[in-house]
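What follows is each chain in one-letter form.
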Amino acid sequence: MASPLSVNVFTAPEKELVAERSRPFGPPPAWDPMTSTLVFGEHDAVLVDTLTTAAEAEALAAWVRLHHRNLTTIYVTHGHLDHFAGLSVLLRHFPEARAIATPKTVEYAREQVGGLPFYRKLLPGRLAAAITVPEAWNEETFSLEGHELRIIEQGQTDAVDSTSLHVPVLDLVIGGDVLYNQCHMYVAATTPESRENWIAALDRLAALNPKIAVAGHKKPGAPDTPDTIAATRQYLTDFGRLQQETGSDQELYDAMTELYPDWVCHQAWLMFGF
């Protein structure tokens, strides 16, 4: 009989960036707080996403060790560098773990590595010296102590070829960046069409009726509750509506501030790009 599983979430705080403001309003440039999720059984564990900086990844590795489990798998939800830049650090601490992602995620991650000089300017001296890309995993599932973890292909959300992870035995979805939790969202690269796909991806998560929903980016201390799915959906709807109703970038920014005053990391670059 398979042993029960548990879940724990590590949240890395917002971090400052070395960059010019993308717009003359909003706070100084920073990267939004983000999560890494550990699913674990009696003996083994799976880690989802590996954070960004070397220091974050070192702290994450120490946190994983506190669980006293054998880390068998590291799963990367999508190809944005902030979700796999810490992978080389984790693999140094856990060399027996396999690092996997969908083939499309791996392809996009390799493209992101080509942009490393830009990211190293944003975070000078803070990224790992070596950046490792996960290996392609061609199956729709993988397992942990006899329990199935299901990969959900989500298409374009805040990144191309995003995925989420479903752990049925826990009624858990790990949304990756399909899901945000009280944290302003990276919508700068979206279009009305891609936001419709993003909303459809959220609907797929909601249809699973999860009891736990972990966002890729979240306000530290925010609960991992399924109402974040509807909140993410509403944010996208509001952004699309206000983009049509407002007459300038600042009006749009101010309108979203008014609607979401308690959401963290209200960065202009998340809305308009660098």
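Reference entry: report on the structure contained in this document. Chains are numbered independently. Their residues run from 1 in the order of the written sequence. Under the rules for a predicted model, residues below a pLDDT of 70 receive no local features and side-chain atom pairs below 80 are neither given nor counted, while totals for whole chains, interfaces and linings still include all residues. Water and hydrogen atoms were dropped before computing side-chain values, which therefore reflect all heavy atoms in the structure.

### Comments concerning the overall build of the chain
Part 1: Strands are runs of DSSP state E lasting at least 2 residues, helices are runs of H or I lasting at least 4, and numbering of each runs from the N terminus. When helices and strands are tallied, the chain shows 8 helices and 15 strands.
Part 2: Computation of the radius of gyration draws on C-alpha atoms alone. For the globule rule, the value is 2.2 Å times the number of residues to the power 0.38. On C-alpha atoms alone, the chain measures out to a radius of gyration of 18 Å, which is about the 19 Å that the 2.2 N^0.38 rule sets for 274 residues.
Part 3: For the chain, the spread of C-alpha atoms along the principal axes amounts to about 60 × 40 × 30 Å.
Part 4: For the chain, the share of sequence-separated contacts (at least 6 apart) that also reach a separation of at least 24 residues comes to 72%. When checking whether two residues touch, look at their non-hydrogen atoms; a contact exists if any pair is within 4.5 Å.

### Some remarks on helix α7 (residues 249-259)
Along an α-helix, residues three or four positions apart point the same way, because every turn accommodates 3.6 residues.
Part 1: All of the buried residues along α7 are Leu252, Tyr253, Ala255 and Met256. The buried residues of α7 all sit within an arc of 165 degrees when viewed along its axis, so they share a single face.
Part 2: Tucked into the core, α7 has its buried residues touching α6 (227-245) and α8 (268-272). Working definition: with a 1.4 Å probe on protein chains only, accessible area under 20% of the residue-type maximum means buried, over 50% means exposed, and in between means partly exposed. Note: the arc covers the axis-to-C-beta directions of the helix.

### Notes on the pairing of strand β4 (residues 34-40)
Part 1: Of all 7 residues in β4, 7 are buried; the element is thus mostly enclosed.
Part 2: Burial along β4 is two-sided: the residues Met34, Ser36, Leu38 and Phe40 and Thr35, Thr37 and Val39 are all buried.
Part 3: Strands are labelled as partners when DSSP assigns at least two bridges between them. Here strand β1 (residues 6-12) runs beside β4; their pairing, made up of 7 bridges, is antiparallel. Counterpart to valine 9 in the pairing with β4 is threonine 37.
Part 4: In terms of strand pairing, β4 meets strand β5 (residues 44-48) through 4 bridges, oriented antiparallel. Bridging across to β5, phenylalanine 40 finds its partner in alanine 45.
Part 5: Linking two consecutive strands that pair antiparallel, namely β4 and β5, is a turn of 3 residues.

### Concerning unusual backbone geometry
Part 1: Phi at aspartate 49 takes a positive value of approximately 70 degrees, unusual for a residue other than glycine.
Part 2: Note that aspartate 49 resides in the loop between β5 and α1 (54-65).
Part 3: Positioned with a positive phi, glutamate 145 is a non-glycine residue whose angle comes to about 50 degrees.
Part 4: Mapped onto the secondary structure, glutamate 145 falls in the loop between β9 (141-144) and β10 (147-155).

### Regarding the side chain of aspartate 224
Part 1: Mapped onto the elements, aspartate 224 comes out in the loop between β15 (217-218) and α6.
Part 2: A polar side-chain atom of aspartate 224 sits 2.9 Å from a polar atom in the side chain of lysine 218.
Part 3: Excluding anything up to four places from it in sequence, aspartate 224 contacts Val9, Asn181, Lys211, Ile212, Ala213, Val214 and Lys218. Definition of a polar contact: a pair of N or O atoms within 3.5 Å, with one able to donate and the other able to accept a hydrogen when the atoms are protein atoms, and with sequence-neighbouring residues admitted only if both atoms are side-chain atoms.

### Details of the pattern of salt bridges
Part 1: What makes a salt bridge here is a side-chain nitrogen of Lys or Arg within 4 Å of a carboxyl oxygen of Asp or Glu, nothing more. Evaluation of the coordinates by the stated rule reveals 10 salt bridges.
Part 2: Here arginine 241 makes a salt bridge to glutamate 245, at a shortest N to O gap of 3.3 Å. Remark: glutamate 245 and arginine 241 occur in helix α6; sequence separation between them is 4 residues, near one turn of the helix.
Part 3: Take glutamate 245: its relative accessible area is 54%, and that puts it in the exposed class.
Part 4: By sharing partners, the salt bridges in this structure join Asp238, Arg241 and Glu245 into a single network.

### A word on the packing of α6 against α7
Part 1: Angles here are taken between N-to-C directions and fall from 0 to 180 degrees, while the axes themselves are lines fitted to C-alpha atoms, restricted in helices to the stretch in contact. The N-to-C vectors of α6 and α7 enclose an angle of 145 degrees; their axes lie 10 Å apart at closest approach. By crossing handedness, the relation of α6 to α7 is classed as right-handed. Side by side, α6 and α7 meet where Tyr235, Asp238, Phe239, Arg241, Leu242 and Gln243 of the first sit next to Leu252, Ala255, Met256 and Leu259 of the second. The handedness criterion is simple: a crossing whose near helix is rotated anticlockwise from the far helix by less than a right angle is left-handed, and one whose near helix is rotated clockwise is right-handed.

### A short note on the sheet that holds β10
Part 1: Judged by pairing direction, the sheet is mixed, and its 5 strands sit side by side in the order β9-β10-β11-β12-β14 without closing on themselves. Edge positions in the sheet fall to β9 and β14 (212-214), since each of these pairs with one other strand and no more. Each strand axis lies, on average, 20 degrees off the axis of its neighbour in the sheet, ignoring direction.
Part 2: Note that strand β11 (residues 162-167) and strand β12 (residues 172-174) share 3 bridges and pair antiparallel.

### A closer look at the pairing of β5
Part 1: Among the 5 residues that make up β5, 4 are buried, leaving the element largely enclosed by the rest of the structure.
Part 2: Sheet analysis places β5 next to strand β6 (residues 70-75), joined by 5 bridges and oriented parallel. Paired with alanine 45 across the two strands is leucine 71, which belongs to β6.

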